[in-house]
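# Examination of the molecular architecture
So the chains spell out like this:
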Amino acid sequence: MSDKNKSAITGRFRGMPAQDGAGVKLTRVINQPGLKHQDPFLMLDEFRSDNPDDYIAGFPPHPHRGFCTLTYMLAGQMEHKDSVGNTGIVEAGGVQWMKAARGIIHAEMPKQQEGLMWGFQLWVNLPAAEKLSDPDWHDYPAATIPEISTPDSRIRVIAGDYADKTGPVNAPGREFLMLDVILKPDAEVSLPSQGQQQRLAYVYKGSIDLNGERVERGELLQLDTEAALTLTAQDEAGVVLLAAKPIGEPIAQYGPFVMNSSAEIEQAINDYQRGTLAANQKLA
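Here's what I pulled together on the structure shown here. These figures come from a predicted structure and were not determined experimentally. (Residues numbered from 1 in each chain as written. Predicted model: local features only at pLDDT ≥ 70, side-chain atom pairs only at ≥ 80, totals over all residues. Heavy atoms only, no water.)

Across its full length, the protein carries one helix and 26 strands. Compactness check: the protein gives a C-alpha radius of gyration of 19 Å against a globular reference of 19 Å for 284 residues, within 12% of the reference. Looking at the protein residue by residue over its 284 residues, the buried ones come to 52%. Of the contacts formed within the protein by residues at least 6 apart in sequence, a portion of 70% connects residues at least 24 apart. Summing over all exposed atoms, the protein offers an accessible surface of approximately 12,400 Å²; the carbon and sulfur share of this is 48%. Looking at the protein, you have 26 positive and 37 negative side-chain charges, and the mean spots of the two groups are 2 Å apart. (Helix = DSSP H or I, 4+ residues; strand = E, 2+ residues; numbered from the N terminus. Rg over C-alpha atoms; globule rule 2.2 N^0.38 Å. Buried < 20%, exposed > 50% of the residue type's maximum accessible area, 1.4 Å probe, protein only. Contact = heavy atoms within 4.5 Å. Areas by Shrake-Rupley, 256 points an atom, 1.4 Å probe, with all protein chains shown as cover. Lys, Arg positive; Asp, Glu negative; His and termini not counted. Charge placed at Lys NZ, Arg CZ, Asp CG, Glu CD.)

Now for the sheet that holds strand β20 (residues 207-210). If you trace the four strands from one edge of the open sheet to the other, you get β18-β23-β20-β21, paired in antiparallel fashion. Every interior strand has two partners, whereas the edge strands, β18 (188-191) and β21 (213-216), have only one. With direction set aside, neighbouring strand axes in the sheet form an average angle of 25°. With four bridges connecting them, β18 and strand β23 (residues 229-233) associate as antiparallel partners. In the sheet register, Leu191 faces β23, and the bridge partner there is Leu229. (Pairing = 2+ DSSP bridges. Axes fitted to C-alpha atoms, helices over the stretch in contact; angles between N-to-C directions.)

Within the open sheet, the seven strands sit side by side as β2-β3-β4-β11-β6-β9-β12. Their pairing is antiparallel. Two strands close off the open sheet at either side, each with one partner strand: β2 (16-20) and β12 (136-140). For this sheet, the mean inter-axis angle between neighbouring strands, taken without regard to orientation, is 20°. The pairing of strand β9 (residues 95-99) with β12 spans five bridges and is antiparallel. When the sheet's bridge partners are listed, Met98 is paired in β12 with Trp137.

With 32 residues, the main nonpolar core has Phe41, Leu70, Leu122, Val169, Phe176 and Met178 as its most contacted residues. Taken together, the elements giving at least two residues each to this core come down to β3 (24-30), β4 (41-49), β6 (67-75), β9, β11 (117-125), β14 (153-159), β19 (198-205) and β24 (237-244). In this structure Val169 touches Leu70, Val95, Trp97, Tyr140, Ile158, Ala159, Gly160 and Phe176, once residues within four positions along its chain are discounted. Ala187, Leu210, Leu231 and Ala237 belong to the second-largest nonpolar core, a separate cluster that totals 27 residues. (Core = buried A, V, L, I, M, F, W, Y, C linked by side-chain atoms within 4.5 Å.)

Residue alternation in β20 divides its side chains into two sets, Ser207 and Asp209 and Ile208 and Leu210, and both sets are buried. Direction of pairing for β20 relative to β21: antiparallel, over a ladder of four bridges. Bridge pairing links Ile208 to Val215 in β21. Remark: two residues form the turn of the hairpin made by β20 and β21, two consecutive strands paired antiparallel; Asn211 in that turn has positive phi of roughly 50°. With three bridges joining them, β20 and β23 adopt antiparallel strand pairing. Across the sheet, Leu210 pairs through a bridge with Leu231, a residue of β23.

Another aspect to go through is unusual backbone geometry. Of note, the amide linkage connecting Asp39 to Pro40 takes the cis form, showing an omega dihedral of 10°. Here Pro40 is to be found in the loop between β3 and β4. Positive phi outside glycine occurs at Glu175, with the angle close to 50°. Mapped onto the fold, Glu175 is located in the loop between β16 (165-166) and β17 (177-183). Judged by its relative accessible area of 46%, Glu175 is partly exposed. Look at Asn211: it is not a glycine, yet its phi comes out positive at around 50°. Mapped onto the elements, Asn211 comes out in the loop between β20 and β21.

The next point concerns empty space enclosed by the protein. Summed over the entire model, instances satisfying the criterion amount to three cavities of 30 Å³ or more. Estimated volume of the largest cavity: approximately 60 Å³. In this structure, the largest cavity is lined by Tyr162, Leu177, Leu179, Leu191, Pro192, Ser193, Gln194, Gln196, Arg199, Leu241 and Ala243. Those elements that place two or more of their residues in the lining of the largest cavity are β17 and β24. (1 Å grid on protein atoms, 1.4 Å probe; cavity = no way out; pocket = protein on both sides within 12 Å on 5 of 7 lines; lining within 4 Å. Points joined across faces, edges and corners; volume = space filled by probe spheres on them.)

Structure (structure tokens):
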């Protein structure tokens with residue numbers, strides 16, 4: 001295959017059913033047996049159900065250390081409370097960004113008794129120099145997410161720079177880009193490469209042609225670093241694009257702790273058991 005005809009897709013994967021929290025049913029896309037960490041992206045979960053039994057128990061208080069979480073809602077409402085004293089409700093179109101860093105305890109609980117709950121949680125790694133820094137949290141309502149709109153498409157800029165817009169989520173030094181590309185049937189958009197070594201796309205709604213190759217809902221794509229992308233919707237479609245500069249450090253994970261070595265994981269477990277992981281191990 002000549003470079004001209006080279007596929008922009010270097011890998012295709014599907015998520016697997018999983019449960020987390022107090023039994024919330026979800027699809028684990030990244031960090032499952034078929035697709036492990038995609039540095040700096042540690043995990044990507046999609047939760048989507050209109051059956052309250054699948055989500056109502058939520059994610060009761062649990063600890064984190066060593067990375068950041070990004071929660072992005074497409075439908076429904078999720079409440080956040082943490083040990084630093086932060087509280088907030090993320091609604092459809094909104095984003096919450098939590099830097100767990102040296103330690104935080106938080107809970108994420110549905111704020112609805114019925115209806116569709118649909119969204120994503122993305123885990124983004126921190127470099128060793130930041131893993132034991134101060135925790136942080138930000139709430140970005142839907143109206144604060146910049147968009148580039150045409151009659152047939154919307155591109156929501158959640159993180160990084162795209163066109164003349166800058167997303168509210170910031171990961172200094174990692175060139176982190178996150179876009180939500182929303183297309184009407186037959187709509188087409190072109191996305192230039194920004195040169196990030198890690199580049200992924202997840203089709204969460206409908207089906208698209210990506211540079212002429214058909215991609216269906218539920219597929220995660222590893223993408224060529226330099227290829228310009230042309231997305232053409234076959235029906236109403238939604239695609240999350242992720243790109244970043246890898247950190248390139250060892251990854252040691254045990255459940256909610258992500259560090260660089262097994263000794264650091266043991267320290268995190270011991271700190272949590274002794275009640276010293278977070279400055280305050282009780283929620284707001």
